[in-house]
Amino acid sequence: MHAKTAVAVAGTLLAVPSVAVATDAPDPAATAPAAVRAPLGEHPTVGAEMLAAHRRDTTARLRAAHVRLARGAARLSGATLPHDYATRLRGETAADLRRSNRRLRARIRRLSGTRTRREAGSTAPPVLQAIAACESGGNPSTNTGNGFYGKYQFTQATWAAVGGSGNPAAASEAEQDRRAAQLYAQAGPGQWPVCGR
C-alpha cells in the first residue's frame, strides 16, 4: 500500500508545472511556435526541443554550404561575393537553401566544363569530345603501344586516310580535332565502334 502511495505522490509532483520567476523578459515558451510547445504548462518537450535544434543545425549547415558553393561559382566566373553575402542568407529556409544549393552546383558544373574545354584548347564539337573522353580521356598525346594513337585513338592507316602524316599522338590537338571531324563527316560514328555509340 505504501508503494502505491509513493508512486502516486511522485507522479503528482512531476505533473505540477514549475512556477516561473517574474521578470521583465518575455517567457520563451509563450513566444515559441505552437509545434514546439508542450501541452502541460506551455513547457517545450524534450522531443520538440531536439527537433527545433536539429532544424537550426540543418539550416546552419545548408547556409555554410551555400556560401562555399557561391564562392566557388564566383571564383570560376571571375566575380567576387559581396562582403555581407552570408548575412543576407539569415532569413532563408532550409528548403530554399537546398534549392539554391542545387542551382549553384549545376552552375559550377557548367562553369567547370566550359573552363576545362577552353583551357584544353579543344575545338571539337560535343559529340567528338564525348568520343575523345571515352577513347583516351581527352588526352591528345595518348600512345599506349596498342596500335592506336592520340586523342581519338587513330590507327596509322586511318590517320593517313584523312590527310594526316606522322604519328597522330605527336600532332597538335587542333589538328587531331580537325582530322576527327573530317573522319566523322565521311564515315560517321562507326569508326569508333565502342565510344561512337
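So, how was this worked out
Residues numbered from 1 in each chain as written. Predicted model: local features only at pLDDT ≥ 70, side-chain atom pairs only at ≥ 80, totals over all residues. Heavy atoms only, no water. Helix = DSSP H or I, 4+ residues; strand = E, 2+ residues; numbered from the N terminus. Buried < 20%, exposed > 50% of the residue type's maximum accessible area, 1.4 Å probe, protein only. Contact = heavy atoms within 4.5 Å. Salt bridge = Lys/Arg side-chain N within 4 Å of Asp/Glu carboxyl O. Core = buried A, V, L, I, M, F, W, Y, C linked by side-chain atoms within 4.5 Å. Axes fitted to C-alpha atoms, helices over the stretch in contact; angles between N-to-C directions. Parallel < 35°, antiparallel > 145°, perpendicular 65-115°, else oblique. Nonpolar A, V, L, I, M, F, W, Y, C, P; charged D, E, K, R; others polar. Phe/Tyr/Trp six-rings, centres within 6.5 Å; stacked < 30°, edge-to-face > 60°. pLDDT = per-residue confidence, 0-100.

## Focus: the overall build of the protein chain
Moving on, step 1. Scanning the protein chain from terminus to terminus reveals eight helices and zero strands.
Moving on, step 2. Seen in sequence order, the protein chain has helices and strands lined up from the N terminus as α-α-α-α-α-α-α-α.
Moving on, step 3. In the protein chain, which comprises 197 residues, the share counted as buried stands at 28%.
Moving on, step 4. The contacts in the protein chain between residues at least 6 apart in sequence include a share of 48% that link residues at least 24 apart.

## Quick notes on the pattern of salt bridges
Moving on, step 1. A full pass over the atoms with the stated rule returns five salt bridges.
Moving on, step 2. With a closest N to O distance of 2.4 Å, D96 and R99 form a salt bridge. You can see D96 and its partner R99 sitting in helix α5 (residues 94-120), three residues apart, about one turn around the helix.
Moving on, step 3. Of the charged contacts, one joins D177 and K151 as a salt bridge, the two residues approaching to 3.0 Å between their closest N and O atoms. With D177 in helix α8 (residues 173-187) and K151 in the loop between α6 (126-136) and α7 (156-161), the pair connects residues that are 26 residues apart, well separated along the chain.

## A few points about unusual backbone geometry
Moving on, step 1. Backbone geometry at Q153 places phi at a positive 55°, although glycine is not the residue there.
Moving on, step 2. Looking at where Q153 falls in the secondary structure, it is placed in the loop between α6 and α7.

## Side note on the nonpolar core
Moving on, step 1. Core analysis: the largest hydrophobic core is formed by 13 residues, its most contacted members being L128, I131, Y152, F154, A180, L183 and W192.
Moving on, step 2. Counting only elements with at least two residues in this core, the list comes to α6 and α8.
Moving on, step 3. For this core, the element with the highest residue contribution is α6, accounting for three residues.
Moving on, step 4. By size, the runner-up hydrophobic cluster in this structure holds 11 residues, among which are A73, L89, A94 and I108.

## A look at the packing of α6 against α8
Moving on, step 1. One way to put it is that α6 packs onto α8 with a least axis distance of 11 Å and a crossing angle of 105°. One way to sum up the angle between α6 and α8 is to call them roughly perpendicular. Residues V127, L128 and I131 of α6 pack against D177, A180, A181 and Y184 of α8.
Moving on, step 2. Within the contact of α6 with α8, the residues separate by chemical class into six nonpolar, no polar and one charged.

## Quick word on the packing of aromatic side chains
Moving on, step 1. If you walk through the whole model with that rule in mind, you get four aromatic pairs.
Moving on, step 2. Between Y152 and F154, the ring centres sit 6.2 Å apart and the planes meet at 65°, which makes this aromatic pair edge-to-face.
Moving on, step 3. Taking the relative accessible area as the measure of exposure, Y152 reaches 1% and is therefore buried.

## Here we look at the confidence of the model for the protein chain
Moving on, step 1. Across the protein chain, the average pLDDT comes to 76, with 72% of residues at 70 or higher.
Moving on, step 2. Counted against residues more than four places away or in other chains, residues 12-23, with its pLDDT under 50, gives three contacts.
Moving on, step 3. The low-confidence segment residues 115-119 (pLDDT under 50) makes four contacts with residues lying over four places distant or belonging to another chain.

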